[in-house]
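Letter by letter, the chains look like this.
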Amino acid sequence: MRWTGVDREFAAFVEARQHRLLRSAYLVCGDHHLAQDLLQGALVKLALRWSRVRDGDPEAFLRTVIYRDAVSWWRRRRREDLSDDPPERSDSGEDVPNRLLFAAALRRLPPRQRAVLVLRYFDDLTEARTAEILGVTVGTVKSQASAGLRKLRDLAPELGEMVGRG
């Protein structure tokens, strides 16, 4: 196969960001396989629009597609069926028990609260950008973040300051 400059540029973009985007997708949906499907679908949509999106903010395009497709999946499903398994990852840190506890608590949040918390605190997006991606108001982002943090503190008080005060 002959690679063009665009193909290499797209491949380099995907290679540099795929693991972080997969982790974000997992945190939003709580299912590793669904996260892979969401990311793959978003990458296909990006590839089809690469010539128009590449000079703008292709990562923002991907995040928007991932989160909107996750919301569409939740709406079709109408109920949550989350995995109890942690994400497949080989990490030998001392913080693993806290991360597992946090992931389990995060999976118990309603989808919108989970999406807001992942976008705001894991992806480090502004309230305005989070609202834009989710198609809601900034006020909704603020209230969902506050409610989500409060519920995380209730679900996993052992995490203490890791969850912080919202």
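Residues numbered from 1 in each chain as written. Predicted model: local features only at pLDDT ≥ 70, side-chain atom pairs only at ≥ 80, totals over all residues. Heavy atoms only, no water.

Details of the overall build of the protein chain
- Scanning the protein chain for helices and strands turns up seven helices and zero strands.
- Reading the secondary structure of the protein chain in the N-to-C direction produces α-α-α-α-α-α-α.
- Residues counted as buried form 42% of the 166 residues belonging to the protein chain.
- In the protein chain, the proportion of contacts linking residues at least 24 apart, taken out of those at least 6 apart, comes to 66%.
- Counting only carbon and sulfur atoms, one obtains 48% of the accessible surface of the protein chain, whose full area is about 9800 Å². (Helix = DSSP H or I, 4+ residues; strand = E, 2+ residues; numbered from the N terminus. Buried < 20%, exposed > 50% of the residue type's maximum accessible area, 1.4 Å probe, protein only. Contact = heavy atoms within 4.5 Å. Areas by Shrake-Rupley, 256 points an atom, 1.4 Å probe, with all protein chains shown as cover.)

Quick notes on unusual backbone geometry
- A positive phi angle is found at Asp-124, which is not glycine, with a value near 60°.
- Locating Asp-124 in the fold gives a position in the loop between helix 5 (111-122) and helix 6 (127-134).
- Given a relative accessible area of 63%, Asp-124 falls into the exposed group.

Examining the nonpolar core
- Membership of the largest hydrophobic core comes to 45 residues, with the highest contact counts inside it found for Val-28, Leu-46, Leu-62, Ile-66, Tyr-67, Leu-117 and Leu-134.
- Looking at this core, the elements that each hand over two or more residues are helix 1 (5-29), helix 2 (32-53), helix 3 (58-77), helix 4 (96-107), helix 5, helix 6 and helix 7 (138-155).
- It is helix 1 that contributes the most residues to this core, ten residues altogether.
- Once residues lying within four places of it in the same chain are set aside, the contact partners of Leu-117 are Leu-106, Leu-109, Phe-122, Ala-145, Gly-148, Leu-149 and Leu-152. (Core = buried A, V, L, I, M, F, W, Y, C linked by side-chain atoms within 4.5 Å.)

Description of the pattern of salt bridges
- Inspection of the entire model under this criterion finds six salt bridges.
- In this structure, Glu-59 and Arg-63 form a salt bridge, with 2.8 Å as the shortest nitrogen-oxygen distance. Taken together, the residues span about one helical turn, with Glu-59 and Arg-63 both in helix 3 at a distance of four residues.
- Counted as one network, the salt bridges with shared partners bring together Arg-17, Glu-59, Arg-63 and Asp-123. (Salt bridge = Lys/Arg side-chain N within 4 Å of Asp/Glu carboxyl O.)

Concerning helix 6
- Those residues of helix 6 that fall on the buried side of the exposure criterion are Arg-129, Thr-130, Ala-131, Ile-133 and Leu-134.
- Just downstream of helix 6 lies Gly-135, where phi reads positive at about 70°.

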